[in-house]
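# Structural description and commentary
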Amino acid sequence: METTKITGAEALMRSLEHEGVDVLFGYPGGAIMPTYDALYDHKETLHHILVRHEQAAVHAAQGYARVSGKVGCAIVTSGPGAMNTITGVADAMIDSTPMVVICGQVGAAMLGTDAFQEVDVVGVTQPISKWNYQIRRAEDIPWAVARAFYIARSGRPGPVVLDFAKNAQTALIEYQPQTVDFIRSYNPVPAAAPGSIERAAELINQSVKPLMLVGQGVELAGAREELLALAEKAQIPFGQTMLGLSAAPTSHPLNMGMLGMHGNLAPNVMTNQCDLLIAVGMRFDDRVTGDLHTYAKQAKVIHFEIDPSEVGKIVKPTVAVLGDCKQTLAQVTELVQETKHQAWIDGFKPYAEKEYNKVIDAALNPKEGPLLMGEVVRRVSEAANNEAIMVTDVGQNQLFGCRYFKYTHPRSIVTSGGCGTMGFGIPAAIGATFGAPERTVCMFCGDGGFQMTIQELGTIMEQQCPVKMILLNNNYLGNVRQWQYMFFNKRYSFTPMLNPDYEKISAGYGIPCRTVVERADLDEAIREMLDTEGPYLLQVAVKEEDNVLPMTPPGGSVDDMLLEVK
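All of the points below concern the structure found in this document. (Residues numbered from 1 in each chain as written. Predicted model: local features only at pLDDT ≥ 70, side-chain atom pairs only at ≥ 80, totals over all residues. Heavy atoms only, no water.)

Across its full length, the protein chain holds 24 helices and 20 strands. Computed over C-alpha atoms, the radius of gyration of the protein chain comes to 24 Å, within 12% of the 24 Å expected from 2.2 N^0.38 for 566 residues, which places it in the range of a compact globule. By its C-alpha atoms, the protein chain is 75 × 65 × 40 Å across when sized along the principal axes. Looking at the protein chain residue by residue over its 566 residues, the buried ones come to 59%. Look at the contacts in the protein chain between residues 6 or more apart in sequence, and 76% of them connect residues 24 or more apart. In the structure as shown, the protein chain presents an accessible area of about 22,400 Å², 51% of it carried by carbon and sulfur atoms. (Helix = DSSP H or I, 4+ residues; strand = E, 2+ residues; numbered from the N terminus. Rg over C-alpha atoms; globule rule 2.2 N^0.38 Å. Buried < 20%, exposed > 50% of the residue type's maximum accessible area, 1.4 Å probe, protein only. Contact = heavy atoms within 4.5 Å. Areas by Shrake-Rupley, 256 points an atom, 1.4 Å probe, with all protein chains shown as cover.)

If you want it as structure tokens, here you go:
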């Protein structure tokens, strides 16, 4: 009996369905057109979201992946379409976001001829992706897709790029779905070294002043319970990286706040006072460590990490515990003694009180003057019962958002960490509404980042994505202005912004909008935003020259944080 043959494009659709894909973010074009033609017959199973720019497709796929735990998927055409995804691919790579990007490509016979809209996508994306592959034959499609999704989601997650030649899309094949769960020479979850579990537990049992640093790896591993079990059994206070902020509830008594340049004073200062530093699923980013010559030199270091290349890259550990931290944390916890470090934990309080009195109280409870970003963020968080997903763009909106939003549930923060990509906020929030449709998505953005992907209001309009957009408008590129204020003698070189009428723009897209200038109107406007079905834009006029504090000066030590600027 003769087997019915299908096109490579149809094989791609079936392979995506086989991988459990339910949402695609994309933009059609010439070299990917056969695939889009096949997609026409799969609209019921593969929900395609038409973005307005290819960069938005990858950021939306990131937002989808970060809140759902699934692999995000974007599909674009060749040449400029593929090149417009590069920022998102790099962003996903450094922030460990599982994503598969499918790019159209000219036919295999034309490769290397500088054909219309031909770009060496494999060459360009090799340094910024976890794996990439050029599909030149239709027969390779099931294998390539299965391998791509396995690599993207396994071990330390990351982006994979498939460069899909046009001839492979149109050729006919006999399709058989494939599943990949093993690749020779690829070891996504390395085994812990012999004795490392026991040695880590021994160091914890011996410690008098332990401090745990919680990174996004805890979120990616689904290891919240295991993390808290260890922290509570051994009474270990912890700080969190920006991407790890929702790995544990903000309200947990052992949660001492955010690490890093604009983090909380206590966990930063105490990093240089602890006798044991326990890093879990974090990579010792320079914004966390500050000056490495002074960083935690007094402490022994345990590093729980799934990616061996991160171990010793920045900070040399006393003990490295390789593997999936969901398993390794539990194994160490079994060997750890119940103990109390009350005097050590109490030592965080004076720093927390100092920060509250000098910074936080003024940021959240101003008595007069313009609205402040911090108070807006906190009031939105509390109005949503501290249960919403927070998406941010990049800049002061991001830093105030991370500092003053509160997190209850896992996977509640979506922000661009390692790359710091302006324009990330709107499309990532779109993706988040599809990745967690049952949750409220609040997106904080500055007037600079908002205009970088403002065209995606069209996607929001078409899809009626229920994104609650809070535009913190200070008429500046605020974070750059702050650095100019502090380190460049207040020379505001090209940071003031002449802004458009956002209410008129929002009206053009049919999105409800309200502008708040007075503090007395803020709470009622937030409630209106949250009660409105579908999308909403809340523009808040905030203080133009507000500064994010505390701040570790560039190249400074973590215990040299500034609580005020002069």
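As a further point, take the side chain of Asn264. Along the chain, the position of Asn264 falls in the loop between strand S11 (255-258) and helix H12 (265-271). Excluding residues that lie within four positions of it along the chain, Asn264 makes contacts with Met256, Gly257, Met258, Glu355, Arg403 and Met561.

Bringing the side chain of Gln55 into the picture now. Tracing the sequence through the fold places Gln55 in helix H3 (residues 54-68). A residue is classified by how much of its surface remains accessible, and Gln55, at 17% relative accessible area, is buried. Residues in contact with Gln55, not counting those within four places in the same chain, are Asn84, Thr87, Thr421 and Met422.

Core analysis: the largest hydrophobic core is formed by 52 residues, its most contacted members being Ile204, Met212 and Leu277. For Leu277, the contacting residues outside a window of four places in its chain are Leu211, Leu213, Thr271, Phe284, Tyr295, Ala296, Ala299, Lys300, Val301 and Ile302. If you look at the next biggest cluster of nonpolar residues, it comprises 49 residues, including Ala74, Val89, Tyr502 and Leu537. (Core = buried A, V, L, I, M, F, W, Y, C linked by side-chain atoms within 4.5 Å.)

Here we come to the pattern of salt bridges. It is possible for side chains bearing opposite charge to pair when their charged atoms get close. Summed over the entire model, instances satisfying the criterion amount to 19 salt bridges. Put simply, Lys313 and Glu310 hold a salt bridge, and the shortest N to O gap is 3.1 Å. On the basis of relative accessibility, which here comes to 49%, the residue Lys313 falls in the partly exposed class. The exposure class of Glu310 is buried, given its relative accessible area of 6%. Salt-bridge contacts for Arg527 lead to Asp531; the nearest nitrogen and oxygen are separated by 3.3 Å. You can see Arg527 and its partner Asp531 sitting in helix H24 (residues 522-531), four residues apart, about one turn around the helix. Note on Arg527: relative accessible area 35%, which makes it partly exposed. Residue class for Asp531 comes out exposed when judged on its relative accessible area of 52%. One continuous salt-bridge network, built from bridges that share partners, spans Arg156, Asp307, Glu310 and Lys313. (Salt bridge = Lys/Arg side-chain N within 4 Å of Asp/Glu carboxyl O.)

Strands pair in a sheet through their backbones, by hydrogen bonds, and they do so in one of two ways: parallel or antiparallel. Taken together, six strands build an open sheet; the order of strands is S16-S15-S17-S18-S20-S19 and the sheet is parallel. The outermost strands of the open sheet, each flanked by one partner alone, are strand S16 (413-414) and strand S19 (513-516). Note: S19 against strand S20 (residues 536-541), four bridges, orientation parallel. Residue Arg514 lies in a different strand from S20, and its bridge partner there is Leu538. (Pairing = 2+ DSSP bridges.)

Of all eleven residues that make up helix H17 (residues 373-383), eight are buried, and the element is covered over most of its length. Check the buried side of H17 and you find it contacts helix H16 (349-364), helix H18 (396-404), strand S17 (441-446), strand S18 (467-473), H24 and S20. Among the residues trailing H17, Asn385 stands out with phi positive, at a value near 60°.

Ordered in space as S11-S10-S9-S12-S13-S14, the six strands form an open sheet in which the pairing is parallel. The sheet terminates laterally at S11 and strand S14 (319-322), the two strands that pair on one side only. Adjacent strand axes in the sheet meet at a mean angle of 20°, parallel and antiparallel pairs treated alike. Two elements, strand S9 (residues 210-214) and strand S12 (residues 276-280), share five bridges in a ladder whose sense is parallel. Looking across to S12, one finds that Leu211 is bridged to Leu277. (Axes fitted to C-alpha atoms, helices over the stretch in contact; angles between N-to-C directions.)

A few words now on the packing of aromatic side chains. Tallied over the entire structure, the rule returns 14 aromatic pairs. The interplanar angle of 75° and the centroid separation of 5.2 Å between the aromatic rings of Trp344 and Phe348 together place this pair among those described as edge-to-face. Taken as a pair, Trp344 and Phe348 share a single burial class, namely buried. Taken together, the ring pairs connect Phe25, Tyr64 and Phe434 into an aromatic cluster. (Phe/Tyr/Trp six-rings, centres within 6.5 Å; stacked < 30°, edge-to-face > 60°.)

What follows is about the packing of helix H1 (residues 8-18) against helix H7 (residues 141-153). Between H1 and H7, the least distance of the axes is 9 Å, while the angle of their chain directions is 35°. Like other packed secondary-structure pairs, H1 and H7 cross with a definite hand, here right-handed. For the pair H1 and H7, the contacting residues are Gly8, Ala11, Leu12, Ser15 and Leu16 in the first and Ile141, Pro142, Val145 and Phe149 in the second. Class assignment for the residues of the contact of H1 with H7 results in seven nonpolar, two polar and no charged. (Left-handed = near helix turned anticlockwise from the far one by under 90°. Nonpolar A, V, L, I, M, F, W, Y, C, P; charged D, E, K, R; others polar.)

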